[in-house]
Amino acid sequence: MDGPAAVDPAGGEAGLVDVPAERARLLAESARLAGRKSPDITRVREVNRRYRALLPDVTVARSPGTGEPVRWPIDVFGLDGRFWDYENPVRRPSSSRPPDWLAMTGAMRLADPVEHPPFAVVPGPDVPFVVPRILNGPDVRAVLAEVPVGAHTGWAISYFGPKPEGVRLVNLWGTNTYLIYRDGGRGGWDWEIPRVAEYDFELGPWLRSGKLLWLAPGDESATLREGPSDCPFVDLPGRRRITVVRNGLVQHLASFAGHGAG
């Protein structure tokens, strides 16, 4: 898996920019602005723009249909970044989604110390999973990849294929909405309440069926692999609950609607 390459906040290559230090400075300024009664909206937008530009493009999958790699700008430095703000994330879109890409969700095993930012963070359960209502669709397949985030171990689960008729997708990893598709390529947004009752954590059968593929951790070639043999993501220990970090607490819930509701 590729490392945290990033772009310069002024628009060029990262070159001499100390990305973690610049990120910390921008997060501190964002917090100061948020604490004001009447923050300078122009400055807020500029800070957010510079933060977005720092997000490194991470290879999270490869399309089983086209073979194209999928790279996603992710804050891999920690959960205190505004990328992980569940209700109001600060992100930039992926520029490398192949036409058969459907959705990307995720899971994360937290490690101490856990960040406690002034917003809710919902990185998913402790262990990776699949969503059967999507993966059971004709010609739909998923790809699982490990994505370290600071001291934590994350996993991105991406879905590819034709959109199953009448089936809701799954919220984009770490947010409370997901992309939808309309005729003519025009997109929009919808949302789904995450519920562990609708997840399947038993990955072995999906791997044996060929519906679930995986990338080996540290494999810079991002080669698609099949089957449970040597797959490091099978039968991992951890809670089969949705992790929610908010108000200085770490909770593990059966579902989470967002907007302050658990």
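Below is a summary of the structure that appears in this document. Note that the structure is predicted; figures quoted are calculated from it, not measured.

Its location among the elements puts Asp219 in the loop between strand 9 (212–214) and strand 10 (242–246). A distance of 2.6 Å separates the side chain of Asp219 from the side chain of Ser221, its partner in a polar contact.

Moving on, we get to the pairing of strand 1 (residues 57–62). Remember that side chains alternate between the two faces of the sheet whenever the strand is regular. Of the strand pairs in this sheet, strand 1 and strand 2 (residues 69–73) are connected by five bridges, and their pairing is antiparallel. Opposite Thr59, over in strand 2, you have Arg71 as the bridge partner. Between strand 1 and strand 2, which pair antiparallel one after the other, the connecting turn spans six residues, and Gly67 there sits at a positive phi close to 80 degrees.

This paragraph deals with the nonpolar core. Nonpolar side chains tend toward joint burial in soluble globular proteins. Ranked by internal contacts, the top residues of the largest apolar core, which has 39 residues, are Ile134, Leu144, Tyr159 and Leu212. The contacts of Ile134, once residues within four sequence positions are left out, are Val140, Tyr159, Pro164, Val167, Arg168, Leu169 and Val170.

Here we take up the environment of Gly67. Within the fold, Gly67 resides in the loop between strand 1 and strand 2. Owing to a relative accessible area of 30%, Gly67 belongs among the partly exposed residues under this scheme.

This next bit is on helix 2 (residues 41–54). For helix 2, spanning 14 residues, the distance from its first C-alpha to its last is 20 Å, which sits close to the expected 20 Å at 1.5 Å a residue. Among the residues of helix 2, those classed as buried are Val47, Asn48, Arg50, Tyr51, Ala53 and Leu54. In the core, the buried residues of helix 2 are packed alongside helix 1 (19–34). A side-chain oxygen of the first residue of helix 2 lies 3.0 Å from the backbone nitrogen of Thr42; this N-cap is Asp40.

Turning our attention to the sheet that holds strand 6 (residues 152–160). Strand order in the open sheet made by the four strands is 3-6-5-9, with mixed pairing throughout. The open sheet has two free edges, formed respectively by strand 3 (101–109) and strand 9, since each of these has just one partner strand. In this sheet, adjacent strand axes meet at a mean angle of 25 degrees when their direction is disregarded. Summarising the sheet, strand 5 (residues 141–149) and strand 6 pair through nine bridges and their orientation is antiparallel. Within strand 6, the residue paired with Ala145 across the bridge is Ala156.

Procedures and definitions
- Residues numbered from 1 in each chain as written.
- Predicted model: local features only at pLDDT ≥ 70, side-chain atom pairs only at ≥ 80, totals over all residues.
- Heavy atoms only, no water.
- Helix = DSSP H or I, 4+ residues; strand = E, 2+ residues; numbered from the N terminus.
- Polar contact = N/O pair within 3.5 Å; in protein donor to acceptor, adjacent residues only side chain to side chain.
- Pairing = 2+ DSSP bridges.
- Core = buried A, V, L, I, M, F, W, Y, C linked by side-chain atoms within 4.5 Å.
- Buried < 20%, exposed > 50% of the residue type's maximum accessible area, 1.4 Å probe, protein only.
- Contact = heavy atoms within 4.5 Å.
- Expected span 1.5 Å × (residues − 1).
- Axes fitted to C-alpha atoms, helices over the stretch in contact; angles between N-to-C directions.

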